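# Coordinate inspection notes
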Amino acid sequence: MDCMLIVEGGSFRGAFAYGVLSQLKESGLFSVFTHFSGTSASATTLAGILSDVPDEDIDEIWTKRLSEKKFFAGAKLWGRRSEDEGPVLNLDYLIDEMLLFDYPIDCHKLKEKNFYIPLTHVEHGSVEYIRTTDEICRSHAASGTPRMHKILKAAMALPGPYNDKVTVDGVRYIDGGILEPIPRNIHGIPERRVYVLTQPAGFFDTLTKKFMRIVEKRTIRNLQKEGHFDEHIIEALHNSEAIYKANIECIEELREKGAAYVIQPLKPVPSYSNEPESLREVVDYGKEIARNHLPDLERFFGLNA
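Residues numbered from 1 in each chain as written. Predicted model: local features only at pLDDT ≥ 70, side-chain atom pairs only at ≥ 80, totals over all residues. Heavy atoms only, no water.

Relative to the helices and strands, Arg280 is located in helix H12 (residues 276-301). Sequence-distant contacts of Arg280, that is, excluding residues within four places in its chain, are made with Asp59 and Thr63. One polar contact links Arg280 to Asp59, side chain to side chain, over a distance of 2.3 Å. (Helix = DSSP H or I, 4+ residues; strand = E, 2+ residues; numbered from the N terminus. Contact = heavy atoms within 4.5 Å. Polar contact = N/O pair within 3.5 Å; in protein donor to acceptor, adjacent residues only side chain to side chain.)

Here you go:
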């Protein structure tokens, strides 16, 4: 029976998701999934796993490389800054250097997967799910960054921390998690789903709310400067907590029907961290939580009947 793996992002909370996915892969359960989707950072983590980037390389990215000052300028996050200071999260360094040369993602392998990447269309104000089997992913740009890498960058392009949108074949995109923090409106996917969430049940903390208000202000400023954007994006930022809760309600309905299984932390994990030790703890915590779920997850799949 087909089953879909859906993974929430959340910036550095994606370290928890990576820990869960790593443990599922080690246990052999990752091979049960036939369809995949992840928002923001988790889209890139899934891309690495699905294209057979070695686990030790993905681990090194999460626990060491993402804490580098070249990628994460944490001091800029909460303070006042101008755009010429550079981004808080340097996605160009992550995608165009790390994932293109240091730990290359094999785009050809991704084309064989039912992998859906959510992006927010800036001008239409809607979520578009790019499927890696689609034609847009089957060809490379004539020069520069391959299309697949541009799509992954767009999936994480949260205005404010990154400062910019990403253009793919003339269309401007930003982080799909703005409108759908947990992948939801994907047509033709299996009814049976496993969700990996990066926040505890009922949790939308003060720090997250503060961060979303900062993102909201910087997104509005950046979009208004360029023009040609849809007001639904601004509305979504104003109502980010309500949108998240609506996503969770849909998951709960599926879980009550026995069609969904949820793995999530029991305590908050940090959205931002520049400490390798902290990131290692979050990854290991994700692995621990996943190990605790293995027996129930096997029953969900009907593997121990």
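Close contact between helix H1 (residues 14-27) and helix H3 (residues 55-63) brings their axes to 11 Å; oriented N to C, the two are set at 165 degrees. Looking at the two axes, H1 sits roughly antiparallel to H3. As H1 runs across H3, the sense of the crossing is left-handed. Side by side, H1 and H3 meet where Gly14, Ala15, Tyr18 and Ser22 of the first sit next to Asp55, Ile58, Asp59 and Trp62 of the second. Classifying every residue of the contact of H1 with H3 gives four nonpolar, two polar and two charged. (Axes fitted to C-alpha atoms, helices over the stretch in contact; angles between N-to-C directions. Parallel < 35°, antiparallel > 145°, perpendicular 65-115°, else oblique. Left-handed = near helix turned anticlockwise from the far one by under 90°. Nonpolar A, V, L, I, M, F, W, Y, C, P; charged D, E, K, R; others polar.)

Orientation of H1 relative to helix H2 (residues 41-50), taken along the N-to-C sense of each, is 25 degrees, at an axis distance of 10 Å. The angle between H1 and H2 places the two elements in the roughly parallel class. The handedness of the crossing between H1 and H2 comes out as right-handed. On H2, the residues that touch Gly14, Ala17, Tyr18, Leu21 and Lys25 of H1 are Ser42, Thr45, Leu46 and Ile49.

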